[in-house]
Amino acid sequence: MSSSVSPKPRPSNRRRTALLIGIGLLLGALVTAGVAALLINIFQHRVESQNPYFRVVNIDEKTFDPAVWGQNFPLQYDGWRKTAEMEPADQVTRTPTADDPRTVKTHSKLEADPRLVTMWTGYAFAIEYNEPRGHMYMLEDQTLVKRVTQFNQPGACLNCHSSIPEVLNNIGGDPAQAWATMNKSPYSEVVGKANNHPVGCIDCHDPKTMALRVTRPAFINGMKALKNGQGVKDYDVNSDASAAEMRTFVCAQCHVEYYFAGDGKTLTFPWDNGLKIDDEFKYYNDHGFSDFTNTITGGPVVKAQHPDFETFSQGVHASAGVTCADCHMAYKREGGQKITDHQVRSPMINDETINRSCLNCHRASEEEMRGRVKTIHDRYEEAKNKSFDAFMDLVHDIQAARTNGTPANQVTAAQLYARKASFWIDYVVSENSRGFHAPAYTIRILNDATDASRKGQMSLRDAQYAQRAMTEPNLVPSPAPLGNKAPIATPKPGATAATPGATPTYWKTATANAATTPSPTPSR
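Undergrad: Please give an account of helix α21 (residues 408–430) that cites residues and values.
TA: Between its terminal C-alpha atoms α21 stretches 32 Å, which fits the 33 Å expected from 23 residues at 1.5 Å a residue. The element α21 is extensively covered by neighbouring structure, given that 20 of its 23 residues are classed as buried.

The following block contains the structure:
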């Protein structure tokens, strides 16, 4: 009888089983370690979100001094301080005086183009208007400009030249009421509330989260009106805007067209109808609004301010989702950190800024980008000069028509065309990009201005043409201001003498009275 013997397990099978068990344990350990690392990373990011920077000092809604913020954000603060740097070609040295301690200013726009004086004769801008300096100088330069030192201005001027949270806090009480008080108070009485602080960190950043925010009531109100016209009700820029939009909106708090409405001098953005120049001019016409009377033409004028945001919004960069900060505050590396460059300036300053701002999108060299921008600027200058010369021709013709027996209705029609042409030219001259923000749109504006000037000349020559002007869309302002008539301002004692027979009025007033400035000799 035979017996069978069970085969013994092969050693290789045992080794394979042990290997599989070991691999399984190893994979389990790796998965466990990975999950643990993920949880730790999530926890760390939660902690970082609560404390996203190395906190040296605590900052809150009453930390107004940028130097204190700079202890937590030294790189950003250093960039902000560098806005005090000036290019040598932009500097005009001067001897300081007791009234003006500055040793350096910028070039006068009035001296560079005397046609501006003619366009603004009867308004304080015809006295002094200079090229802008960096953000560090915005309050100092405003305080010392002759438009402020020689004329009584409202506190509303501080909206774009000072740290508004600090001003409103120092006025005290409810912030909305404090803003109203600042707007209507004499500039000289409230400028001290700024403690010599221009726009600073707290104007654009939430001190708890560092998120961008809007602190200017006028922009909040303006965006609400704009969105309401687009069918969006109760729009709140600080809760409804995207993070990318805020990289433009914080700049647009100030770089816009505006006026001071009513006796309260309430800073107002004319955006009910939209952001295009036609929309804003219609707003002023619907409200029967003009800033002053030109003492050469005798006609009402709307003074444009600095509509950078509105113009940029019509350009290709805005359509592509580019923001103000992408070009003027481009990201840069400082050691191992990626930060926003707070030295706000033109991206065309040097090769480095062109590289960081332009070459992220454009496949070109720095020199080629300079050439493209120069072409845009050259085309703008040529179109501007032709349009401005046409407007000067109209001004001279109206001046002659007022004394040579031209019928009053024809003079009135020419004055209305001059009002439009003046605002159109002023709009692009006061905008700071020299056509770059929206090249085609800017040229269109200048073409419209030339057209208005020639139509004004035709009105002086042809009674029927003048009659048609009174029915032209968006030309004739409403005969009665809609409740925004402002009191007349007066020059300070010892200021520039008034034009005989003229009633002084400055800044945004819904009146057609003339302002106090000497009538300069018209020049091209």
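Undergrad: Quick rundown of the pairing of strand β7 (residues 331–334)? Include the residues and the values.
TA: Sheet faces and side chains relate simply in a regular strand, where the side chains alternate between the two faces. Summarising the sheet, β7 and strand β8 (residues 337–340) pair through four bridges and their orientation is antiparallel. Residue pairing in the sheet places Tyr331 in a bridge with Thr340 of β8. With antiparallel pairing between neighbouring strands as the criterion, β7 and β8 make up a hairpin whose turn holds two residues, including Gly335 at a positive phi of roughly 65°.

Undergrad: Can you explain the packing of helix α8 (residues 164–171) against helix α9 (residues 175–184)? Please cite residues and give values.
TA: Packed helices, taken two at a time, are described by their axes: the angle between them and the distance between them. Put simply, α8 and α9 touch, their axes get as near as 9 Å, and they point 95° apart. By the angle between their axes, α8 is roughly perpendicular relative to α9. Counted together, Ile164, Val167, Leu168 and Ile171 of α8 and Pro175, Ala178, Trp179, Thr181 and Met182 of α9 form the full contact between these two elements. Among the residues making up the contact of α8 with α9, the classes are represented as eight nonpolar, one polar and no charged.

Undergrad: Residues and numbers for a negative patch on the surface, please.
TA: Together, Glu85, Glu87, Asp90 and Glu131 give the surface a local cluster of negative charge. Within the element layout of this structure, Glu85 appears in the loop between α3 (74–81) and β1 (92–93). Given a relative accessible area of 53%, Glu85 falls into the exposed group.

Undergrad: Outline the nonpolar core, supporting the account with residue identities and numerical values.
TA: Leu116, Trp120, Phe391 and Phe423 are the most contacted members of the largest nonpolar core, which has 53 residues in total. Breaking this core down by element, the ones donating at least two residues are α5 (115–120), β3 (259–261), α15 (277–286), α20 (366–401), α21, α22 (439–461) and α23 (463–469). Sorting elements by how many residues they give to this core places α21 first, with 13 residues. Those residues in contact with Trp120, other than ones at most four positions away along the chain, are Leu110, Phe125, Ala126, Tyr129, Phe292, Asn294, Lys303, Asp426 and Ser430. In this structure, Ala178, Met182, Val190 and Met223 belong to the second largest nonpolar core, which totals 37 residues.

Undergrad: Report on the side chain of Thr248, specifying residues and quantitative values.
TA: Within the secondary structure layout, Thr248 lies in helix α14 (residues 243–252). The contact partners of Thr248, leaving out residues within four places of it in the chain, are Phe309, Phe312, Val322, Thr323 and Cys324.

Undergrad: Report on the pattern of salt bridges, specifying residues and quantitative values.
TA: Using the criterion set out here, one finds 32 salt bridges in the structure. A salt bridge links Asp141 to Arg102; the shortest N-O distance between them is 2.9 Å. Of this pair, Asp141 sits in helix α6 (residues 138–144) while Arg102 sits in the loop between β1 and β2 (104–105); the two residues are 39 residues apart in sequence, bridging distant segments of the chain. One exposure class covers both Asp141 and Arg102, and it is buried. Across the pair Arg356 and Asp341 runs a salt bridge, and its minimum N-O distance is 3.2 Å.

Procedures and definitions
Residues numbered from 1 in each chain as written. Predicted model: local features only at pLDDT ≥ 70, side-chain atom pairs only at ≥ 80, totals over all residues. Heavy atoms only, no water. Helix = DSSP H or I, 4+ residues; strand = E, 2+ residues; numbered from the N terminus. Expected span 1.5 Å × (residues − 1). Buried < 20%, exposed > 50% of the residue type's maximum accessible area, 1.4 Å probe, protein only. Pairing = 2+ DSSP bridges. Axes fitted to C-alpha atoms, helices over the stretch in contact; angles between N-to-C directions. Parallel < 35°, antiparallel > 145°, perpendicular 65-115°, else oblique. Contact = heavy atoms within 4.5 Å. Nonpolar A, V, L, I, M, F, W, Y, C, P; charged D, E, K, R; others polar. Patch = residues over 30% accessible without salt bridge, like charges linked within 9 Å, V, L, I, M, F, W, Y side chains within 5 Å. Areas by Shrake-Rupley, 256 points an atom, 1.4 Å probe, with all protein chains shown as cover. Salt bridge = Lys/Arg side-chain N within 4 Å of Asp/Glu carboxyl O. Lys, Arg positive; Asp, Glu negative; His and termini not counted. Charge placed at Lys NZ, Arg CZ, Asp CG, Glu CD. Core = buried A, V, L, I, M, F, W, Y, C linked by side-chain atoms within 4.5 Å.

That is the geometry; function is a separate question.
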